[in-house]
Amino acid sequence: MDKKPKIVILGAGYGGMMTATRLLKANVHQDAEITLVNKHNYHYQTTWLHEPAAGTLHHDKTRMRIENVLDLNKIDFVKDAVKEIKTEDKKVILEGGELDYDYLVIGLGSEPETFGIPGVKEHAYSIRSVNSVRQIREHIEYMFASYNNEVEKHEDKLTFVVAGAGFTGIEFVGELSERIPELCEEYDIARDKVKIYSVEAAPTALPGFDEELVEYAMNLLESRGVEFLIETPIKEVKEDGVLLNDGSEIKSRTVVWTTGVRGSSVVENSGFETMRGRVKVEKDLRAPGYDDVFIIGDCALIINEEINRPYPPTAQIAIQQSYTCANNLKSLIQGKEEHLETFKPEIKGTVASLGGKEAIGIVGERKLYGGSASAMKKIIDNRYLYLLGGMPLVLKKGKLNIF
Ligand SMILES: Cc1cc2nc3c(=O)[nH]c(=O)nc-3n(C[C@H](O)[C@H](O)[C@H](O)COP(=O)(O)OP(=O)(O)OC[C@H]3O[C@@H](n4cnc5c(N)ncnc54)[C@H](O)[C@@H]3O)c2cc1C
């Protein structure tokens, strides 16, 4: 009997998990050996991470063990970190071994974009993984606890700088502005001692978003005590705060860096041609020049032809790509290359949470504010869980207090 072809999926994020789910649904495991590799034995919802980072949601709510979602009798799971891909040898080098593949799916997600600004890697926190956000939450609490216990007060312990007022930065600031009053009460600290700065280099917060919605978000966050510094590039992050381009400084022990992402460095370091770590993939989602390598999610670059600019990397696109990727893998396994599908993103809308029961968004042609946007955000989050694991997963991990 011929050996079954091997499909190896790298990364159990939105793209990787959903590709695995779709392959199992299409019974591709009957004709191919499927292996999923991830550095943790759990899948986490990156789009929720601003909440545990601020401490408004327990981090366990955002993650689920992979064995509880995928049938590991049908797919192999390898818990290991990917170091490099050797495309010529069709091998993946892991920290603890190596894997051969016939078809590879790369869904390793992203890394913070520092733009080469000094001190970011050394002194700033980032919202990237369950462990990174646990560190942020614990650090914030420690700042409150230690401020209270010192004789000579250090105000910089209560000053929080969020670099970048894009989607992630605003969502985090929203949660933080909800959490701060609770921390003030818990640690007996007056609210006016605490400062939250949202620092943005571009001429507006949430660049690219509808102006009315941006105004709503900024007014709301300002009413919760957030100070916006717009058109204010950061020159350097230091141990004791940030240095701005105009030479002034904000003293802070907590700088959270949210100025965008670049694709996984594994992709860049494995010889693929990249732009900010992302590979401009072919219409069928394969890497140019590689018939056996699909790249999806934040590692893939897709051009929005209407405006001739790349689509921003989103979970929405990663999930949609997983459908095309799984269908195309199935066609290749069956030897039906002529059936390969073209990926076309269908942007259904964007909703940004602002903490509590507040959010803003555009769904279809409609602008949403406040409670209705917040409810829509939870419906979107639950929908993903439904696609991944059906109603049982929604009931276990979903956001059920929608209104
Ligand atoms: C706070 C926040 C809010 C967001 N909100 C939204 C939103 O509302 N809507 C939206 O559409 N998008 C949102 N995004 C963007 C979205 O989260 C990403 O676009 C999406 O997660 C990309 O999916 P992915 O499958 O490419 O990667 P990820 O979901 O990031 O998954 C990558 C996986 O690969 C694993 N991995 C990484 N490196 C290695 C390695 N070397 N070896 C082994 N495993 C590895 C990681 O552990 C992870 O499991 C948000 C992002 C953030 C940070």
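Below is a short write-up of the structure. (Residues numbered from 1 in each chain as written. Predicted model: local features only at pLDDT ≥ 70, side-chain atom pairs only at ≥ 80, totals over all residues. Heavy atoms only, no water.)

What follows covers the sheet that holds strand β26 (residues 359-363). On the basis of which strands lie adjacent, the open sheet formed by three strands has the order β25-β26-β27 and antiparallel pairing. Edge positions in the sheet fall to β25 (349-353) and β27 (366-369), since each of these pairs with one other strand and no more. Ignoring which end each strand starts from, the neighbouring axes of this sheet average 10° apart. Strand direction decides the pairing type here: β25 and β26, joined by five bridges, are antiparallel. From the neighbouring strand, Ala 352 faces β26, where its bridge partner is Ile 360. (Pairing = 2+ DSSP bridges. Helix = DSSP H or I, 4+ residues; strand = E, 2+ residues; numbered from the N terminus. Axes fitted to C-alpha atoms, helices over the stretch in contact; angles between N-to-C directions.)

Further remarks concern the pattern of salt bridges. Per the counting criterion, the structure on display carries 27 salt bridges. With its nearest N and O atoms 2.8 Å apart, the salt bridge here joins Arg 63 to Asp 60. Its relative accessible area of 32% is what places Asp 60 among the partly exposed residues. Across the pair Lys 238 and Glu 249 runs a salt bridge, and its minimum N-O distance is 3.6 Å. On the criterion of sequence distance, the pair formed by Lys 238 in strand β15 (residues 234-238) and Glu 249 in strand β17 (residues 249-251) is long-range, its members being eleven residues apart. Given the relative accessible area of 25%, Lys 238 is considered partly exposed. By relative accessible area, Glu 249 is classed as partly exposed at 37%. Members of the salt-bridge network, linked through shared partners, are Glu 113, Arg 262, Glu 268 and Arg 276. (Salt bridge = Lys/Arg side-chain N within 4 Å of Asp/Glu carboxyl O. Buried < 20%, exposed > 50% of the residue type's maximum accessible area, 1.4 Å probe, protein only.)

What follows deals with the site of the ligand. Residues in close proximity to the ligand total 33 residues, the closest being Gly 15, Val 82, Asp 298, Ala 315 and Lys 377. In the model, an oxygen atom of the ligand is placed 3.1 Å from a nitrogen or oxygen of the Asn 38 side chain. Summarising the interface, the protein chains cover 91% of the accessible area of the ligand, which totals 1,000 Å² for the free molecule. Going through the elements one at a time, α1 (14-25), α5 (167-186) and α8 (315-333) are the ones with two or more residues in the shell around the ligand. Split into classes, the residues belonging to the shell around the ligand amount to 13 nonpolar, 14 polar and six charged. (Near = heavy atom within 4 Å. Polar contact = N/O pair within 3.5 Å; in protein donor to acceptor, adjacent residues only side chain to side chain. Areas by Shrake-Rupley, 256 points an atom, 1.4 Å probe, with all protein chains shown as cover. Nonpolar A, V, L, I, M, F, W, Y, C, P; charged D, E, K, R; others polar.)

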